[in-house]
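If you want the building blocks of each chain, they are given just below.
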Amino acid sequence: MTTLRQSYTSFRYLVRSVRWVELAVSGLIVFFARQLSHLSFDPLPVAAVFALGFAWNLAFWHAGRRHLLVERGVEGHRLLMGSWLAADVVTTLLIIHFTGLTSSPFLFLLAFPVILSTAVSDDSRVSYTVVGGSLAGFAALWGMESAGSIPHFASYPPAVDGLFRKADVAWGMLLMLGAVLSLIVFTIHRFRPNFALFREGF
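Residues numbered from 1 in each chain as written. Predicted model: local features only at pLDDT ≥ 70, side-chain atom pairs only at ≥ 80, totals over all residues. Heavy atoms only, no water.

### Quick look at the packing of aromatic side chains
1) Next: Per the stated rule, a full pass over the model turns up four aromatic pairs.
2) Next: Taken together, a centroid distance of 4.9 Å and an interplanar angle of 70 degrees make the contact between F98 and F153 edge-to-face. On the criterion of sequence distance, the pair formed by F98 in helix α2 (residues 43-98) and F153 in the loop between α4 (124-147) and α5 (158-161) is long-range, its members being 55 residues apart.
3) Next: Residue class for F98 comes out buried when judged on its relative accessible area of 17%.
4) Next: F153 sits in the partly exposed class, given a relative accessible area of 23%. (Phe/Tyr/Trp six-rings, centres within 6.5 Å; stacked < 30°, edge-to-face > 60°. Helix = DSSP H or I, 4+ residues; strand = E, 2+ residues; numbered from the N terminus. Buried < 20%, exposed > 50% of the residue type's maximum accessible area, 1.4 Å probe, protein only.)

In structure tokens:
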């Protein structure tokens, strides 16, 4: 039972504390940047995505309280954590989509779900799965935009935005994102034992 309680404590901390802070900080960055840099993206769909993120987080917290220990145990913890990370990636990708996708000034927000995944599990494969899912989602959105299946949103004037919509630029952006996100995962998992030893020294 100790393991289940520890799992619930970890889940509650991440969902009730870390995720709320992540959403709040992301929202402040996006909307302050819009005002300070005079970005032209429509704030309404972006605000709706943030509202969806808060609603998802509240739902996951409620599901954890109600089902984690009683019905599903450790398996329930893993399912909730996986679903929670997937929702985090989807939320971030939607924000990027509504602010320009390949021309979005907020591509760095994709690092947040990746960093959170390192807190969810000590297994680097979990984090690399989040990286892969983020890249796959980004590529899928770009493909649908290019095919005209979904509308394109922009944060910059057409002359600037058009430069980032070229295929070679989009592929370069995708490769750069993959390299940066993978480096984040590698660095955190590589030096995590050193951080643990440092904490134990105090």
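### Focus: a nonpolar patch on the surface
1) Next: A cluster of nonpolar side chains, namely L28, F32 and L36, defines an oily patch on the protein surface of about 350 Å² accessible area.
2) Next: Relative to the assigned elements, L28 resides in helix α1 (residues 2-37). (Patch = residues over 30% accessible without salt bridge, like charges linked within 9 Å, V, L, I, M, F, W, Y side chains within 5 Å. Areas by Shrake-Rupley, 256 points an atom, 1.4 Å probe, with all protein chains shown as cover. Salt bridge = Lys/Arg side-chain N within 4 Å of Asp/Glu carboxyl O.)

### Topic: the pattern of salt bridges
Any two side chains of opposite charge can pair, so long as their charged atoms come close to each other.
1) Next: Enumeration over the complete set of coordinates arrives at one salt bridge.
2) Next: Between D123 and R125 there is a salt bridge, with its nearest N and O atoms 2.8 Å apart.
3) Next: Taking the relative accessible area as the measure of exposure, D123 reaches 27% and is therefore partly exposed.
4) Next: Overall, the relative accessible area of 61% leaves R125 in the exposed class.

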